[in-house]
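Given next are the chains, with one letter for each unit.
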Amino acid sequence: MNYFPNYYSIEDIFVTQEKVECKVNTKLQRMGFLDAGAEGDDLEPGRTVNLPLWYIKELKVNNAYFTVSVPDIYKNVHKAVCEAETTHIELGRLHPYFYEFGRYLTPYDRNHVIGRIIFETMRQRVRHLLDISKNDGHMAKSELRLDNIEAKLHEAGVRTNTQYINWLQLTGNKILISELVEEHQKKRKRELSDDESDSLPSSKRATL
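Let us look at the structure shown here.

Reading the values: rules and limits
- Residues numbered from 1 in each chain as written.
- Predicted model: local features only at pLDDT ≥ 70, side-chain atom pairs only at ≥ 80, totals over all residues.
- Heavy atoms only, no water.
- Helix = DSSP H or I, 4+ residues; strand = E, 2+ residues; numbered from the N terminus.
- Buried < 20%, exposed > 50% of the residue type's maximum accessible area, 1.4 Å probe, protein only.
- Areas by Shrake-Rupley, 256 points an atom, 1.4 Å probe, with all protein chains shown as cover.
- 1 Å grid on protein atoms, 1.4 Å probe; cavity = no way out; pocket = protein on both sides within 12 Å on 5 of 7 lines; lining within 4 Å.
- Points joined across faces, edges and corners; volume = space filled by probe spheres on them.
- Nonpolar A, V, L, I, M, F, W, Y, C, P; charged D, E, K, R; others polar.
- Core = buried A, V, L, I, M, F, W, Y, C linked by side-chain atoms within 4.5 Å.
- Pairing = 2+ DSSP bridges.
- Axes fitted to C-alpha atoms, helices over the stretch in contact; angles between N-to-C directions.
- Parallel < 35°, antiparallel > 145°, perpendicular 65-115°, else oblique.
- Left-handed = near helix turned anticlockwise from the far one by under 90°.
- Contact = heavy atoms within 4.5 Å.
- Salt bridge = Lys/Arg side-chain N within 4 Å of Asp/Glu carboxyl O.

Turning next to the overall build of the chain. In terms of helices and strands, the chain carries ten helices and three strands. Reading the secondary structure of the chain in the N-to-C direction produces α-β-β-α-β-α-α-α-α-α-α-α-α. Per-residue burial over the chain gives 30% buried out of 208 residues. Element-wise, carbon and sulfur atoms account for 53% of the exposed surface of the chain, whose accessible area totals about 14,900 Å².

Written as structure tokens, this is what we have:
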């Protein structure tokens, strides 16, 4: 599992296709096509438009054209974060890429709300995530509707727990020598045997 996205990551493509609400700060000539309700060819200050995340992340944080609004999904989680009750939230229903989406938007959040929300949400949920990974995770996963990153962590936790249990159940078995070590030992024995034969006196070799 690789948390950080890359150019060829399908998950990263899905995240950056998301639309984000932005407020127009200055008049933008011949950009009225971005707003379906615009009456002219220009985009007037104060208007609200939805722009894809891949476009927003190419802009400077303090750009003079748009102000990025905090999506409602993070506003809805904010109360639960303050009350330390995020384990009951179905993040997958709010957004399948809750953490990745928020991580991209954090630099544009002038009130520094999104970064704190995604950090506290993960901090509060990681213990619960560890607990359900020790169970048969398929039912828990479908009921909780985890975020994409949480789902991958859950699958890794279930797999690791299964491997650990299997290892505990194999305590009665002997540890076998690897083939490489076994071949090395055989070769060493042959070399020692040849050295002993060469060191014997000629009379004894003739008798043998």
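The next subject is empty space enclosed by the protein. This structure, assessed with the given rule, holds three cavities of 30 Å³ or more. As a volume, the second largest cavity reaches approximately 40 Å³. The wall of the second largest cavity is formed by Val61, Asn63, Phe66, Thr67, Val68, Tyr108 and Arg110. Its residues assigned to classes, the lining of the second largest cavity shows four nonpolar, two polar and one charged.

This paragraph deals with the nonpolar core. Judged by nonpolar contacts, the single largest core of 33 residues is most densely connected at Phe66, Tyr74, Phe98 and Phe101. Put simply, the parts of the chain that give this core at least two residues each are β1 (19-24), β2 (48-52), α2 (53-56), β3 (66-68), α3 (72-82), α5 (98-105) and α6 (114-133).

Take the sheet that holds β1 next. For sheets, the rule is that strands pair by backbone hydrogen bonds, running either parallel or antiparallel. If you trace the three strands from one edge of the open sheet to the other, you get β2-β1-β3, paired in antiparallel fashion. If you trace the sheet from one side to the other, it starts and ends with β2 and β3, each paired once. Taken over all neighbouring pairs, the strand axes of this sheet differ in orientation by 45° on average, direction set aside. Examined bridge by bridge, β1 and β3 share three bridges and lie antiparallel to one another. In the sheet register, Lys23 faces β3, and the bridge partner there is Thr67.

This part covers the packing of α5 against α6. For the pair α5 and α6, interaxial distance at closest approach is 8 Å and the crossing angle is 150°. With respect to α6, the element α5 is oriented roughly antiparallel. Helix-helix and strand crossings are classified by hand; for α5 and α6 the assignment is left-handed. Of the residues in α6, those touching α5 at Phe98, Tyr99, Gly102, Arg103 and Leu105 are Ile114, Ile117, Ile118, Thr121, Met122 and Arg125.

Glancing now at the environment of Lys19. Along the polypeptide, Lys19 turns up in strand β1. Counting along the chain gives 37 residues from Lys19 to Ile56, while the straight-line C-alpha distance between them is 9.5 Å. Ignoring sequence-local partners within four residues, the contact set of Lys19 consists of Asn50, Leu51, Pro52 and Phe101.

A few words on the pattern of salt bridges. Tallied over the entire structure, the rule returns nine salt bridges. Close ionic contact of Lys27 with Asp42 constitutes a salt bridge, the shortest N to O distance being 3.7 Å. Here Lys27, found in the loop between β1 and β2, pairs with Asp42, found in the loop between β1 and β2; they are 15 residues apart in sequence, far enough to count as distant. The exposure class of Asp42 is partly exposed, given its relative accessible area of 22%. Note that Lys57 and Glu58 form a salt bridge whose closest N and O atoms lie 3.6 Å from each other.

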